[in-house]
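Structural overview
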Amino acid sequence: MPIVSVLLAALLALAAVAPAPAQDLPKVVVAMSGWTGFAPLTLAEKSGIFKKHGVDVTIKFIPQKDRHLAIASGDVQCAATTVETWIVWNANGVATKQVVQLDKSYGADGMVVRNTIAKISDLKGKTVSASAPGTAPYFTLAWMLKKNGLTVKDVKVATLEPAAAAQAFIAGQNDAAMTYEPYLSTVREKPEAGKIIATTLDYPMIMDTFGCTPKFIADSPKLVQGMVDSYFEAVEMIGKEPKKSFDIMGAVVKQTGEQFEKSQSYLRWQNREANRKFFAGEIQTFSKEAADLLLELGIIKSVPDVASTIDTRFIK
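Attention in this report is confined to the structure presented alongside it. (Residues numbered from 1 in each chain as written. Predicted model: local features only at pLDDT ≥ 70, side-chain atom pairs only at ≥ 80, totals over all residues. Heavy atoms only, no water.)

With that out of the way, let us pick up the sheet that holds strand β11 (residues 267-269). One open sheet accounts for six strands, arranged β2-β1-β3-β10-β4-β11; its pairing is mixed. Two strands lie at the open edges of the sheet, namely β2 (56-61) and β11, each paired on one side alone. The average undirected angle you get between the axes of adjacent strands in this sheet is 25°. Strand direction decides the pairing type here: strand β4 (residues 97-105) and strand β10 (residues 207-212), joined by six bridges, are antiparallel. (Pairing = 2+ DSSP bridges. Helix = DSSP H or I, 4+ residues; strand = E, 2+ residues; numbered from the N terminus. Axes fitted to C-alpha atoms, helices over the stretch in contact; angles between N-to-C directions.)

Rendered as structure tokens:
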């Protein structure tokens, strides 16, 4: 056989077994925010883990109040958000299913107040900045107020996203603010501006999941499995290479690796075993209490079947 033919045959053989180039991988768009708990997804994107698992993921930072609109329009196929938000989306006609738990907040979400405010019930008649109804900060505000004998009608809510809420508070605006890491730590570092009066250590009610539309799951189960496996691999990478991981994840939200390491200490990323436990009962119990509050707030008119908002096959 001529040398040219031998070389050509060898190249064809290599092409047959070589992995597909990144540009040929199926593309998926994921909507989320700069919340520290979602960061393993950005690590999977930036370090090539998603591509290793056969999916080319583009992450879009979209405010929580608008994330469901992006899903409904078809601009994104999947998203990360809090458990109660999936209830809101499904109750309001945006069909989605949760496929993996990402994190639990252990002090990473909180309420900051002026130093003159001694307890949450002192907020009656005061101005609190929080995201719009249907978002986690608003829900957290309502939850904390209810546990202290108040409702959102007892305060004046100034609508600001978490980063802006923290910045405005430090600048002297409003009596209180609802925010989360990494922005909550900006207030931790400015005790003269105010104090953190309550967090999810006091009220453990913030947990985040990743999910997609039922159509996308039905059409592309292998891609969903690839993204779930990528999340778990990213969590493993954080354990094996923490400094490198913190540097990568911190850069996305304009933090140093050291700053990011501090902010992530207030939450726990959830591995496969923790996911199995969570979906075996914990999510159902929490969803019921959350749905009752969402009904009370008027954010939803009816409660969707929790089972219809979950697909656990990808965490096994």
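One simple way to see leftover space: roll a probe sized like a water molecule over the atoms. Counted by the stated rule, this structure contains four cavities of 30 Å³ or more. Volume-wise, the largest cavity comes out at about 80 Å³. Every residue lining the largest cavity is listed: Ser33, Trp35, Phe38, Gln64, Arg67, Thr81, Thr82, Asp109, Ala136, Tyr180, Ile206 and Asp208. Where the lining of the largest cavity is concerned, the elements lending two or more residues are α4 (64-73) and β3 (78-82). Broken down by class, the residue content of the lining of the largest cavity amounts to five nonpolar, four polar and three charged. Space inside the second largest cavity adds up to approximately 60 Å³. (1 Å grid on protein atoms, 1.4 Å probe; cavity = no way out; pocket = protein on both sides within 12 Å on 5 of 7 lines; lining within 4 Å. Points joined across faces, edges and corners; volume = space filled by probe spheres on them. Nonpolar A, V, L, I, M, F, W, Y, C, P; charged D, E, K, R; others polar.)

Let us now look at the nonpolar core. A general trend in soluble globular proteins is that nonpolar side chains are found buried together. By size, the foremost hydrophobic cluster in this structure holds 83 residues, and its most contacted members are Leu41, Val100, Leu123, Phe210 and Met227. Per-element accounting of this core gives the leading share, 10 residues, to helix α10 (residues 221-240). Residues in contact with Leu41, not counting those within four places in the same chain, are Met32, Phe50, Ile59, Ala80, Leu102, Phe210 and Tyr231. If you look at the next biggest cluster of nonpolar residues, it comprises 10 residues, including Ile71, Val76, Trp86 and Trp89. (Core = buried A, V, L, I, M, F, W, Y, C linked by side-chain atoms within 4.5 Å. Buried < 20%, exposed > 50% of the residue type's maximum accessible area, 1.4 Å probe, protein only. Contact = heavy atoms within 4.5 Å.)

In this structure, the largest pocket spans a volume of roughly 290 Å³. At the level of secondary structure, the elements contributing two or more residues to the lining of the largest pocket comprise α4 and α7 (162-170). Along the lines of polarity and charge, the residues of the lining of the largest pocket split into 11 nonpolar, four polar and three charged. Lining the second largest pocket are 14 residues, and of these Pro182, Thr186, Glu189, Gln255 and Gln259 lie nearest its centre. Breaking the lining of the second largest pocket down by element, the ones donating at least two residues are α7, α8 (184-188) and α12 (257-264). Top contributing element to the lining of the second largest pocket by residue count: α7, with four residues. Taken together, the residues of the lining of the second largest pocket sort by class into six nonpolar, five polar and three charged.

Residues Glu181 and Pro182 are joined by a peptide bond in cis, for which omega reads 10°. Within the secondary structure, Pro182 is located in the loop between β8 (176-180) and α8. Of note, the phi angle at Asn174 is positive, near 70°, even though the residue is not glycine. Structurally, the position occupied by Asn174 is in the loop between α7 and β8.

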